[in-house]
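# Report on the structure
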Amino acid sequence: MTASARRITLPVEGMTCASCTGRVERVLTRVPGVQAVAVNLATGRATLDLAPDNDPAKLAEAVEEAGFAVPEATSEFAVEGMTCASCTGRIERVLKAVPGVRQASANLATGRVSVRHPDGLVPREALDAAIREAGYAPRPATAQAAVPAAPRESGPPARALVLAALLSLPVVALDMGSHLLGPGHLLGQGHLLGNGLLPERWSAGIQAVLATLVLFGPGRSFFARGLPGLLRGHPDMNALVALGAGAAYLFSLVATLAPGLLPAGSAHVYFEASVLIVTLILLGRHLEARARGRTGAAVARLVGLAPKTALLLRDGAETEVPAAALQVGDRVRVRPGERLPADGRVVAGTSRIDESMLTGEPMPVGKAPGDPATGGTVNGTGALEIAVERVGADTALAQIVRLVEAAQGAKLPIQALADRVTARFVPAVLGLAGLTFLAWLALAPAPALGTALVHAVAVLIIACPCAMGLATPTSIMVGTGRAAERGVLFRSGAALQALEGVRVVAFDKTGTLTEGRPRLTDLVPAPGFDADAVLALAAAVEARSEHPIARAIVAAAAEKGLSLPPVADVAAVPGHGVTGRAGGRLVAIGAPRHLAGLDLSGLAPEAARLAAQGRSPVYLAVDGVPAALLAVSDPVKAGAAATVRALEDRGLAVALVTGDDRRTAEGVARSLGIATVLAEVLPEGKRDAVRALRDRYGPVAFVGDGINDAPALAEAEVGLAIGTGTDVAVESADVVLMAGDPASVAEALRLSRAVMRNIRQNLFWAFAYNVALIPVAAGGLRLVGGPSLSPVLAAGAMALSSVFVLGNALRLRRA
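Residues numbered from 1 in each chain as written. Predicted model: local features only at pLDDT ≥ 70, side-chain atom pairs only at ≥ 80, totals over all residues. Heavy atoms only, no water.

As recorded in an unreviewed UniProt entry, the protein chain goes by the name ATPase, listed as coming from Methylobacterium aquaticum. Of the protein chain, the UniProt comment under Sequence similarities (unreviewed entry) reads exactly: "Belongs to the cation transport ATPase (P-type) (TC 3.A.3) family. Type IB subfamily." (UniProt positions renumbered as here; feature names shortened; annotations may be inferred.)

Here it is in structure tokens:
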């Protein structure tokens, strides 16, 4: 490897044999600047040297063109110095320009940046360098990075604000004194030197000294961050403040030290405007930082649920250890009232555990040996011994935090318009300020220089796009945090917007609208077969299945104390049934389609009767002969009917999509008030069912909990998985309902609509604020005899606009 070449190791997916590795080596060798290629089939990685000034993205393209894939990775980090929407736009642009980066998203509310790129091809150093080149400071994302830190000024924000206020008060007092005791102008219009309050040079000199201390002390960060960006051609909010306050300060300084350089009669000073601009914007940032901290309070509370210590049991003795030191297999004791330190299973003791932090349900859940227990939940009145099964980042609490943070950092489609506007907003404001200055210089009566300066500075200050940058992410942060507290986890922020637009909600039946804990209610043996014998055969085969009906059959055999024969060659056919050998006999159990070719007519009338009662009939065949009919009943969840009514009251259609027998499905649908039923649907057919519902009603939300629901969850505009369901279903969904209660569907919809309504309010007021006040700041009302807006009032209004947006978002905490 040459001294300047870069060693790269990238994962390659899809390689299965030596010819695959040879093909990958050949295509990588042909990429310009690549040498010393080595591909390892066992590790699934390719190692090579890449010459400088060569695009690493070409490596991923070459691998993909060869029929393989380089998996995508996501780098997340925090960025200091983002203050407005133009900052986020600038950061996204410079990161997208880094070779290999596919997508970059900066979030002003969280202070975080997420970058998607091919794994192994974009070094973190390149991303950090791009951020620094843009004038910002990258830092590692911490576990609580979603809880925004206060912006850093020359010192802690509160201290900077207090210092600016103390230094500004004498300037304001001197300026106001000139208006009360001597000739002058209104606040913000400056005053003539020699005002009668103090001798001319004393008054101006004191104000100049104090203003210098303010601008180059607490206000120094505006210049340190804003002017470099302005010189690079990428101005932001800091640049607007620096230009506005700096222009007022420099003009006043010239008027104080060299008034002869200015036109006759224009030697006014505006020191009070320059210092109050800085002070009021620091006040706005301080209030904004506190409000932004509250927007991330939900994540902070989730992180704080994990206890710091645990009582480790070893050789019969208790030892208090850090919870982070626990390992899988450890046993811990949880005393009454304590939080569980990790996920595990109860091995001794009984108690009731408050799981409201997971599910939003206030009622404690009973726990006995063998039951699962989740870290962060609160133990009730009994002592428990827990066998640790998951620790650290693998715990349910850590996964919830990751999901919430991911959703809070996402960008919604509705934000696209704001991004397009703010990308050009600050340069447009600079142009408007320049035009305002020239217009008043030409139109105002002499001396016009002071009037032109005041209006130009007001335009610069009033138009900072902070509120536009905060409008969407703050609402997402508060809304998703509130949803998590209610047991509704949005896996992506975009699901918030998509859920608002659905027109039909389709439910799976078993485990979603029903308890998912069916019980065997009927067993009708065919002539020549013994009921207990066929039940033992059925249970032996079904013991290998995760289906709720299978569990009901196994439980029924266990209740009777039946001995199960050994099984072999068990094969499950999703949507059909299970086949296997039990005690040397061929056993098939499932729906009629699973026993195609067998004469089931002798059991069909009884199956029809049971299905009409809402029970699920299952056929059993032994050695190719119909042997029995089993019926399973799954009680409907308590809140299911109320959920259906609530959704219909909101104008949504409700459908039932299930693989069960049509008569059974229609019986359940009647009890719940569901008019649209799609029954006997195979797992692959559920995707087609979602498409059919979309064609009939519009965007679809699908609610399910099983492996066979995964295709439908992925196909729907919004997939909602019952959190008590299978991992496959949860991973395929956009929203996870931790409580397992169908009422959470209506709650998720309410939260989605509340968040989107809040976002639209924020965007409207953020845009309306600028549209309405920029003409006022430019002096538009003054042309028709109305008032003008001073730079000081402009600074106050600008600061309050961001606080207003944040305050409106915080209302979602009560949603």
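What follows deals with the pairing of strand 22 (residues 567-573). Both strand 22 and strand 23 (residues 577-582) contribute to a ladder of five bridges, which runs antiparallel. Within strand 23, the position partnered with alanine 568 by the bridge is arginine 581. The antiparallel hairpin formed by strand 22 and strand 23 contains three residues in its connecting segment, where glycine 575 sits at a positive phi of about 85°. (Pairing = 2+ DSSP bridges. Helix = DSSP H or I, 4+ residues; strand = E, 2+ residues; numbered from the N terminus.)

Moving on: the packing of helix 8 (residues 237-257) against helix 15 (residues 449-462). The N-to-C vectors of helix 8 and helix 15 enclose an angle of 160°; their axes lie 8 Å apart at closest approach. As the angle between them shows, helix 8 and helix 15 are arranged roughly antiparallel. Considering the relative orientation of helix 8 and helix 15, their crossing is left-handed. Here helix 8 contributes Leu240, Val241, Leu243, Gly244, Ala247, Ala248 and Phe251 to the contact with helix 15, which in turn contributes Leu449, Leu453, Val457, Leu460 and Ile461. Taken together, the residues that form the contact of helix 8 with helix 15 break down as 11 nonpolar, one polar and no charged. (Axes fitted to C-alpha atoms, helices over the stretch in contact; angles between N-to-C directions. Parallel < 35°, antiparallel > 145°, perpendicular 65-115°, else oblique. Left-handed = near helix turned anticlockwise from the far one by under 90°. Contact = heavy atoms within 4.5 Å. Nonpolar A, V, L, I, M, F, W, Y, C, P; charged D, E, K, R; others polar.)

What follows is about the environment of valine 644. With respect to the helices and strands, the residue valine 644 is situated in helix 21 (residues 640-649). In sequence terms valine 644 and phenylalanine 507 are 137 residues apart; their C-alpha atoms lie 9.9 Å from each other. The contacts of valine 644, once residues within four sequence positions are left out, are Val654, Leu672, Gly673 and Ile674.

Strand order in the open sheet made by the seven strands is 19-31-30-29-20-27-28, with mixed pairing throughout. The open sheet has two edge strands with one neighbour each: strand 19 (488-490) and strand 28 (676-678). With direction set aside, neighbouring strand axes in the sheet form an average angle of 20°. Taken together, the four bridges between strand 29 (residues 700-704) and strand 30 (residues 718-722) define a ladder with parallel strand orientation. For glycine 704, the partnering residue across the bridge sits in strand 30 and is alanine 721.

This paragraph deals with helix 26 (residues 743-777). The end-to-end C-alpha separation of helix 26 is 51 Å, in line with the 51 Å expected for 35 residues at 1.5 Å each. Positive backbone phi, approximately 95°, marks glycine 779, located one or two places after helix 26. (Expected span 1.5 Å × (residues − 1).)

For the rest of this paragraph, the subject is the UniProt feature "transmembrane region" (unreviewed entry) in the protein chain. Here the UniProt-annotated "transmembrane region" (unreviewed entry) positions come out as residues 160-182, 202-219, 240-261, 267-284, 425-446, 452-472, 763-783 and 789-810. The span residues 202-219 is 83% helical and 0% strand by assignment, and the distance between its end C-alpha atoms comes to 24 Å. In this annotation, residues 789-810 is assigned 91% helix and 0% strand; the end-to-end C-alpha distance for the span is 30 Å.

Working definition: an aromatic ring pair is given by the centre-to-centre distance plus the angle between the planes. For the structure shown, the criterion picks out five aromatic pairs. Ring centres of phenylalanine 216 and phenylalanine 223 lie 6.1 Å apart, and the angle between their planes is 15°; this geometry places the pair in the stacked category. Using a relative accessible area of 17% as the deciding quantity, one classes phenylalanine 223 as buried. Among the aromatic residues, those joined into a cluster by ring pairs are Phe216, Phe223, Tyr249 and Phe271. (Phe/Tyr/Trp six-rings, centres within 6.5 Å; stacked < 30°, edge-to-face > 60°. Buried < 20%, exposed > 50% of the residue type's maximum accessible area, 1.4 Å probe, protein only.)

Viewed as axis vectors pointing N to C, helix 18 (residues 531-542) and helix 19 (residues 548-559) meet at an angle of 130°, and their least axial separation amounts to 8 Å. By the angle between their directions, the pair helix 18 and helix 19 is classed as oblique. Crossing of helix 18 over helix 19 shows left-handed handedness. Here Leu535, Ala538, Ala539 and Glu542 of helix 18 lie close against helix 19, whose contacting residues are Ala550, Ile553, Val554, Ala556 and Ala557. Class assignment of the residues belonging to the contact of helix 18 with helix 19 gives a composition of eight nonpolar, no polar and one charged.

Here we come to a nonpolar patch on the surface. Together, Val162, Leu166 and Leu169 make up an exposed nonpolar region whose accessible area comes to about 300 Å². Its location among the elements puts valine 162 in helix 5 (residues 157-181). (Patch = residues over 30% accessible without salt bridge, like charges linked within 9 Å, V, L, I, M, F, W, Y side chains within 5 Å. Areas by Shrake-Rupley, 256 points an atom, 1.4 Å probe, with all protein chains shown as cover. Salt bridge = Lys/Arg side-chain N within 4 Å of Asp/Glu carboxyl O.)

Here we take up the sheet that holds strand 5 (residues 103-107). Taken together, the four strands give an open sheet; going across it, the order is 5-6-4-7, and neighbouring strands pair in antiparallel fashion. The open sheet has two edge strands with one neighbour each: strand 5 and strand 7 (137-140). Averaged over all pairs of adjacent strands, the angle between their axes in this sheet comes to 30°, without regard to strand direction. Where strand 4 (residues 72-80) and strand 7 come together, four bridges link them in antiparallel fashion. What sits directly across from glutamate 80, in strand 7, is alanine 137.

Per the stated rule, a full pass over the model turns up 28 salt bridges. Across the pair glutamate 76 and arginine 112 runs a salt bridge, and its minimum N-O distance is 3.0 Å. Here the residue glutamate 76 occupies a position in strand 4, and arginine 112 occupies one in strand 6 (residues 112-118), the gap between them amounting to 36 residues. Glutamate 76 gets classed as partly exposed once you look at its relative accessible area, which sits at 39%.

What follows is about helix 7 (residues 220-231). In an α-helix, one full turn covers 3.6 residues, which means residues spaced three or four apart are oriented alike. An ideal rise of 1.5 Å per residue puts 16 Å on 12 residues; helix 7 measures up with 17 Å between its terminal C-alpha atoms. Residues of helix 7 that are buried: Ser221, Phe222, Phe223, Gly226 and Gly229.

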